[in-house]
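Below, each chain spelled out in residue letters.
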Amino acid sequence: MARAISTRRMALNTAIAWTIGAMIFFPILWTFLTSFKTEAQAIADPPVFFLFDWTTENYTTVQERSNYFRHFWNSVVISVGSTLIGLAIAIPAAWSMAFVPSKHTKNILMWMLSTKMLPPVGVLVPIYLIFRDLKLLDTQFGLIIVLTLINLPIIVWMLYTYFKEIPGEILEAARMDGATLRSEVLYILLPMAVPGIASTMLLNIILAWNEAFWTLNLTAAKAAPLTAFIASYSSPEGLFYAKLSAASTMAIAPILIMGWFSQKQLVRGLTFGAVK
Amino acid sequence: MATKASRSAARVMIAPSVLLLLGWMVIPLALTLYFSVLRYNLLMPGANPFIGVENYTYFLTDPAFTDAIINTLLLVGGVLTITVLGGIGLAILLDQPMWGQGIVRILVIAPFFVMPTVSALVWKNMFMNPVNGLFAHLASALGMQPFDFFAIAPLASIIGIVSWQWLPFATLILLTAMQSLDSEQLEAAEMDGAGPLARFRYIMLPHMARAITVVILIQTIFLLSIFAEILVTTNGGPGTASTNLTFLVYAESLLRFDVGTGSAGGVVAIILANIVAIFLMRMIGKNLDT
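Conventions we followed
Residues numbered from 1 in each chain as written. Chains lettered and ligands numbered in written order. Predicted model: local features only at pLDDT ≥ 70, side-chain atom pairs only at ≥ 80, totals over all residues. Heavy atoms only, no water. 1 Å grid on protein atoms, 1.4 Å probe; cavity = no way out; pocket = protein on both sides within 12 Å on 5 of 7 lines; lining within 4 Å. Points joined across faces, edges and corners; volume = space filled by probe spheres on them. Helix = DSSP H or I, 4+ residues; strand = E, 2+ residues; numbered from the N terminus. Nonpolar A, V, L, I, M, F, W, Y, C, P; charged D, E, K, R; others polar. Contact = heavy atoms within 4.5 Å. Buried area = accessible area lost by both parts, 1.4 Å probe. Salt bridge = Lys/Arg side-chain N within 4 Å of Asp/Glu carboxyl O. Buried < 20%, exposed > 50% of the residue type's maximum accessible area, 1.4 Å probe, protein only.

Visitor: What exactly am I supposed to notice about empty space enclosed by the protein here?
Guide: Where empty space is left becomes clear once a probe the size of a water molecule has been rolled over the atoms. Counting across every chain of the model gives five cavities of 30 Å³ or more. Considered as a void within the structure, the largest cavity measures approximately 910 Å³ in volume. Together, 39 residues line the largest cavity, and Lys116, Glu211 and Ala212 of chain A together with Trp166 and Phe222 of chain B are the ones closest to its centre. Listed by contribution, the elements that provide at least two residues to the lining of the largest cavity are α5 (105-116), α7 (140-164) and α9 (181-210) of chain A together with α8 (154-179), α10 (196-223), α11 (228-233) and α13 (259-289) of chain B. In terms of residue count, the dominant contributor to the lining of the largest cavity is α7 of chain A (five residues). Residue composition of the lining of the largest cavity, by class: 31 nonpolar, five polar and three charged.

Below you can see the structure in the form of structure tokens.
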């Protein structure tokens, strides 16, 4: 039974929460606004908020000067590619651990998780040298391999927790009614598993898109995704705030939108089921 | 219902994941250990003789190592303090009834989705720059001297930026925990005369305890490996003022090309991370049984 909350109390909560929310979000809003200013307006003192001549010039400049969309495309290929390969490897594994558990299942899951605890810098040197010798440095393919491997434990875990929730009895019932293995998988399991697979995919694209250790260390100009491309603004020439903002806005917008849809999965995926 | 056939099928289905992760873990780890006992510098081609623990003594007695350890602890501790305290506060606030709760939630978690290089560069230039940043404009409007964040307090500035990125994570997880708290319990306590502070201390905090531990452990794992934010803002400097262990190993191996010392540093980083990992794994393992 919910208590009646006074309107005054409600208004107070709302005011405090909106103020704090706006403060936390402000840097993102400011980046968005600055991306439509001229470089002079971007550093104006006092700062201009909405009343400036909105221009999309920065977006075209960023594209013309540095072939922005190549890096954007690298990000897409690397994050989606590594997620899809990861799913292809992880779905059978998570599937069999959830439906045909053995006494080793828990140990295997825990061991997989432990690989995620390995600090990347601990294996930086050998990976770098292996990549150099195999000519994988600065290639999309090389990064896809690394990102697939670092996110594989999370993918297996997330899928496992989702598959675990599918009741096994329903399969037995279908089998009793004479369903073949094919129709069992196709008409019963798949429809129940798809939402879990979709959330896993979403979260892992986000993680891979924002990954900034391996992408910075293993790429140069050619295969650099947006994380590495944006890093080139750390040693800029001349005025660059508006251009930095335009490049940043395009880099974070798609992921921000995907992220808002995956709030719930985020908790499950990043705490390995420890908080639900 | 598992038959012998389905068991062996299960093994085949798990094998690719296990073998790939095993390869990913064992091969580089073995190489790191191997390189760490060699004199191996990419700038000096030729034989790479075995030198025992010399790389370790060099790395561990380097003054930069002490600085890096202190900076790592300050970075992890600082960010944890800010995000956990802030996260508890925000979780309780967002759990209250209000108008537009969903929108506030979206605003609060947004920073988590911003890639590290973007958030670091936006904060460094558009906010903390001593001439053109918003904070400098604000300071001069109030008649104060602008503060040169990265020259005077580089590590604290990085702690600020990283906290902004991780506050949403702590908030989201603690809010999830808060929402599973039975509101009738709170109401009963209130009727029995428990003030807000008592309700927080004896009901909310114990209820969130588990989630708080999870937040601390998971964040620690990620925060030990902070790299991009340092690379694009201070490059570890001035001097070693903002160099953490991860950055120091990167500098040894890929800037000074000293593979041997870098590898020894990598082993040290692994040992440190494992201390935290053991506790985290225990908690997650317990949860798996229930």
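Now, onward.
Visitor: Looking at this structure, I do not really get the interface of chain A and chain B. What am I missing?
Guide: Size of an interface, as often reported, equals the accessible area lost when the parts are brought together. With 107 residues of chain A in contact, the opposing surface of chain B contributes 96 residues. Of the roughly 9100 Å² buried where chain A meets chain B, counting both sides, 78% is carbon and sulfur surface. For the chain A face of the interface with chain B, the top three residues by lost area are Ile24, Met117 and Tyr241 of chain A, together amounting to 7%. The interface formed by chain A and chain B includes zero salt bridges. Sorting elements by how many residues they give to the side of chain A that touches chain B places helix α1 (residues 7-34) of chain A first, with 20 residues. Taken together, the residues of the side of chain A that touches chain B sort by class into 78 nonpolar, 21 polar and eight charged.

Visitor: What's the story with the pattern of salt bridges in this structure? I'm lost.
Guide: Tallying each qualifying case throughout the model produces five salt bridges over all chains. With a shortest N-O distance of 3.1 Å, Lys243 of chain A and Glu39 of chain A are connected by a salt bridge. With Lys243 of chain A in helix α12 (residues 241-261) and Glu39 of chain A in helix α2 (residues 39-42), this residue pair connects regions lying 204 residues apart in the sequence. Each member of the pair Lys243 of chain A and Glu39 of chain A is classed as buried. When the shortest N-O distance is used, the salt bridge between Arg39 of chain B and Glu54 of chain B registers 3.1 Å. Placement of the pair is Arg39 of chain B in the loop between α1 (4-35) and α2 (54-61) and Glu54 of chain B in helix α2, with a sequence separation of 15 residues. For Arg39 of chain B, a relative accessible area of 45% translates into the label partly exposed.

Read these as spatial facts, not as claims about activity.
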